[in-house]
Amino acid sequence: MKTFTTLLLAAGVLAAAPAAAQVGGVAVADPQGAIANSRAWTAARTQIETTYKAQLDQAEARRQALSTELQPLIQQFNTARAAPNANQQALQTQAQQIQTRETAANQELQRLTQPAQRAQAYAIEQIQNRLGEAVQSAVRAKNVSLLVSPQAVLFMQPTADITAAVTAELDRLVPTVNTTPPANWQPGQGGQAAGAAPAGTAPAATPAPAANTRRNSGR
């Protein structure tokens, strides 16, 4: 329940800054970090965590209960698998039962956290809609001719990182966001959501996974 990377699909925006606006120098910027550190996202996240606190607390309690329920089954499977001449067909049946329970548990958690996740996605999308503009402004201000993501470099001087400059531009362009998506809003609507402020409860909105039965069960 601490991650929102899957919703930040803006890495490609770094390539959106036109060459004509870049005047020399190489820099690095992390679009996910720029959004995460923005004032709009920080405020939105706090608001979403408050608005959906009951559902998120319920989901966390249920996640812990489901994990406790699954652990004995996983332990039993691992013990049976380690036994000499283990019955492979019986092991397969056990593993399928564990996986079925885990899938059902994740679906339950998804239902509990869905409203918060939707608000989170709406908030992020609104900020993300201005990310390209923020990147271009930072690139012009820093006289950058080539901008790359942190994953693309092996070494850099701290001064080459202009993520903070992108965040500052986002703070200017998107000072606040709306955390209540319209009834008919769907993620990815882009321009339709641009006029509204993003919802913000990312860290708390992500559903907690059930026990990692797939790995522990050897499937």
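Just so it is clear, the structure is predicted and the values come from calculations on it, not from any experiment. (Residues numbered from 1 in each chain as written. Predicted model: local features only at pLDDT ≥ 70, side-chain atom pairs only at ≥ 80, totals over all residues. Heavy atoms only, no water.)

## Side note on the overall build of the protein
- If you tally the helices and strands in the protein, you get nine helices and two strands.
- Helices (α) and strands (β) of the protein occur, in sequence order from the N terminus, as β-α-α-α-α-α-β-α-α-α-α.
- Taking all contacts inside the protein whose residues are at least 6 apart in sequence as the whole, residues at least 24 apart take part in 89%.
- As displayed, the protein has an accessible area near 11700 Å², and 52% of this comes from carbon and sulfur atoms. (Helix = DSSP H or I, 4+ residues; strand = E, 2+ residues; numbered from the N terminus. Contact = heavy atoms within 4.5 Å. Areas by Shrake-Rupley, 256 points an atom, 1.4 Å probe, with all protein chains shown as cover.)

## Things to note about the packing of aromatic side chains
- With the rule as written, the count across this model stands at one aromatic pair.
- Taken together, a centroid distance of 5.0 Å and an interplanar angle of 70 degrees make the contact between Tyr122 and Trp185 edge-to-face. On the criterion of sequence distance, the pair formed by Tyr122 in helix H4 (residues 88–128) and Trp185 in the loop between helix H6 (163–173) and helix H7 (191–194) is long-range, its members being 63 residues apart.
- Judged by relative accessible area, which is 1%, Trp185 ranks as buried. (Phe/Tyr/Trp six-rings, centres within 6.5 Å; stacked < 30°, edge-to-face > 60°. Buried < 20%, exposed > 50% of the residue type's maximum accessible area, 1.4 Å probe, protein only.)

## Quick word on the pattern of salt bridges
- One pass over the full model with this rule turns up seven salt bridges.
- A salt bridge links Arg130 to Glu133; the nearest nitrogen and oxygen atoms lie 3.0 Å apart.
- Assessed through its relative accessible area of 28%, Arg130 is described here as partly exposed.
- Of the residues examined, Glu133 reaches a relative accessible area of 38% and is grouped as partly exposed.
- Ionic pairing is found between Glu169 and Arg172, a salt bridge with its closest N-O pair at 2.7 Å. Of the two residues, Glu169 and Arg172 are both situated in helix H6; the distance of three residues between them amounts to about one turn of the helix. (Salt bridge = Lys/Arg side-chain N within 4 Å of Asp/Glu carboxyl O.)

## A few points about unusual backbone geometry
- Positioned with a positive phi, Asn85 is a non-glycine residue whose angle comes to about 55 degrees.
- Here Asn85 shows up in the loop between helix H3 (53–82) and H4.
- Within the chain, Asn143 stands out as a residue other than glycine whose phi angle is a positive 55 degrees.
- One can find Asn143 in the loop between helix H5 (131–142) and strand S2 (146–148).
- Taking relative accessible area as the criterion, Asn143 reaches 42% and is therefore assigned partly exposed.

## Looking at the nonpolar core
- Among the nonpolar cores identified, the biggest contains 24 residues, and Ile127, Leu147, Ile162, Val166, Leu170 and Val177 are the most heavily contacted of them.
- Contributing elements (two or more residues each) for this core: helix H1 (31–36), helix H2 (39–51), H4, H5 and H6.
- Considering every element that reaches this core, the biggest residue donor is H5, with five residues.
- If we skip the residues at most four places from it in the chain, Ile162 touches Ala27, Val28, Ala29, Ala138, Lys142, Val144 and Leu147. (Core = buried A, V, L, I, M, F, W, Y, C linked by side-chain atoms within 4.5 Å.)

## Side note on H6
- When you tally the buried positions in H6, you get eight out of eleven residues, the bulk of the element.
- Those residues of H6 lying buried are Thr163, Ala165, Val166, Thr167, Glu169, Leu170, Asp171 and Leu173.
- Structurally, H6 contributes buried residues whose contacts are with strand S1 (26–28), H1, H2, H4 and H5.

## A few points about the packing of H2 against H3
- Running from amino to carboxyl end, H2 crosses H3 at an angle of 75 degrees, the nearest separation of the two axes being 5 Å. The orientation of H2 relative to H3 falls into the category roughly perpendicular. Across the interface between the two elements, Glu49, Thr50 and Thr51 from H2 touch Lys53, Gln55 and Leu56 from H3.
- By residue class, the composition of the contact of H2 with H3 is one nonpolar, three polar and two charged. (Axes fitted to C-alpha atoms, helices over the stretch in contact; angles between N-to-C directions. Parallel < 35°, antiparallel > 145°, perpendicular 65-115°, else oblique. Nonpolar A, V, L, I, M, F, W, Y, C, P; charged D, E, K, R; others polar.)

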